[in-house]
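# Geometric and topological summary
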Amino acid sequence: MERKPLAPVFLSIAFSVYEYIHLKIQPVMDFNSDPVLVAHAMGGLENAKYSNSLEAFKTNYKKGYRIFEADIIATSDNVLVLRHDWIEDYGQNLNLENGNIPTYKEFMKAPMYGKYTPLSLKDVFKLMKKHKDIYLITDTKEYAPAKTKALFEQILADAESVNATNCLDRVIVQIYNNAMYDAVMEVYPFKQIIYTLYVRGTHYFEQLCQFCVERDINIITMDYKQHSQKLQAIADEYNIKTFVHTINKKKRAKKFYNRGVTGIYTDKLTSASFEE
């Protein structure tokens, strides 16, 4: 599907977002304008992949991003922090051999790539209190209902501990399977849910769309390699928006935008990428 060249509302975002998201009135994102650009792992920072750092947030906020995807994981003493996994080191020089997981203090004292400030989830809620125009997309690492519920109870507790409960209306939860939906919503009535195909895959896609419509889920995200025009046509039939991840090349981004994709997770693309 070829679209008209459109200067995207780059979550400045360019929210001129008060027209785009109606922040003072409506905490749920409106996708009448696109493409939506999501800062992957809090956004790109030089050559530091998955930094999930304070500097990544500050740098990409200045660039115009207002939707930030973050990897959320627990330390050995069960504090939620931003980190993709406990396998790769990401320049922190932590002792991760034999499945070792650091404590919260150990994690926070070790700069990402030797120079970038690590973040706890509480830190992110504090940023959301300060910047009332930003949204957080969660990338959690638990899929089973019981563990998912426990994790989101902890997310709720973290928000409450820094008086940021109202920020939860700007938290966009990614779910990985059907059972996660009920587990998450039992904890808090989140305003926006994204169904990601990261774990599930694309099989029985039409049934998935039916599930989403029944639960008022209007976004499905997937690896760009999973996306096809056939899947896009089905999503369009159910009035569901599609997002893809992670794209950093302009030509590829334009290709998927013209296919009908609404949102793109990226480390570095900006609205200017679609204007050139």
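Bear in mind the structure is a predicted one, so any value in this text is a computation, not a measurement. (Residues numbered from 1 in each chain as written. Predicted model: local features only at pLDDT ≥ 70, side-chain atom pairs only at ≥ 80, totals over all residues. Heavy atoms only, no water.)

## What to know about the overall build of the chain
Of the regular secondary structure elements, the chain holds eight helices and nine strands. Each of the 276 residues in the chain was classed as buried or not, and the buried ones make up 54%. With an accessible surface of roughly 12,800 Å², the chain has 49% of that area assigned to carbon and sulfur atoms. (Helix = DSSP H or I, 4+ residues; strand = E, 2+ residues; numbered from the N terminus. Buried < 20%, exposed > 50% of the residue type's maximum accessible area, 1.4 Å probe, protein only. Areas by Shrake-Rupley, 256 points an atom, 1.4 Å probe, with all protein chains shown as cover.)

## Some remarks on helix H6 (residues 205–214)
The set of residues buried in H6 consists of Phe205, Leu208, Cys209, Phe211 and Cys212. Seen end-on, H6 carries its buried residues on one side only, within an arc spanning 160 degrees. Each element contacted by the buried residues of H6 is listed here: helix H5 (178–185), strand E6 (192–196), strand E7 (219–223) and helix H7 (229–237). Asp216 lies just past H6 and shows a positive phi near 60 degrees. (Arc of directions from axis to C-beta. Contact = heavy atoms within 4.5 Å.)

## Examining the confidence of the model for the chain
Overall, the prediction assigns the chain a mean pLDDT of 90, with 87% of residues at 70 or greater. Within the model, pLDDT remains below 50 along residues 4–27, and this stretch shows 60 contacts once partners closer than five positions in the same chain are excluded. (pLDDT = per-residue confidence, 0-100.)

## Observations regarding the pattern of salt bridges
In this structure the tally under the stated criterion is seven salt bridges. Of the charged contacts, one joins Asp139 and Lys141 as a salt bridge, the two residues approaching to 3.6 Å between their closest N and O atoms. By relative accessible area, which is 13% here, Asp139 ends up buried. Among the salt bridges present, the one from Arg215 reaches Glu214, with a minimum N-O distance of 3.2 Å. Accessibility expressed as a relative area gives 28% for Arg215, which makes it partly exposed. Accessibility expressed as a relative area gives 62% for Glu214, which makes it exposed. By sharing partners, the salt bridges in this structure join Asp71, Asp139 and Lys141 into a single network. (Salt bridge = Lys/Arg side-chain N within 4 Å of Asp/Glu carboxyl O.)

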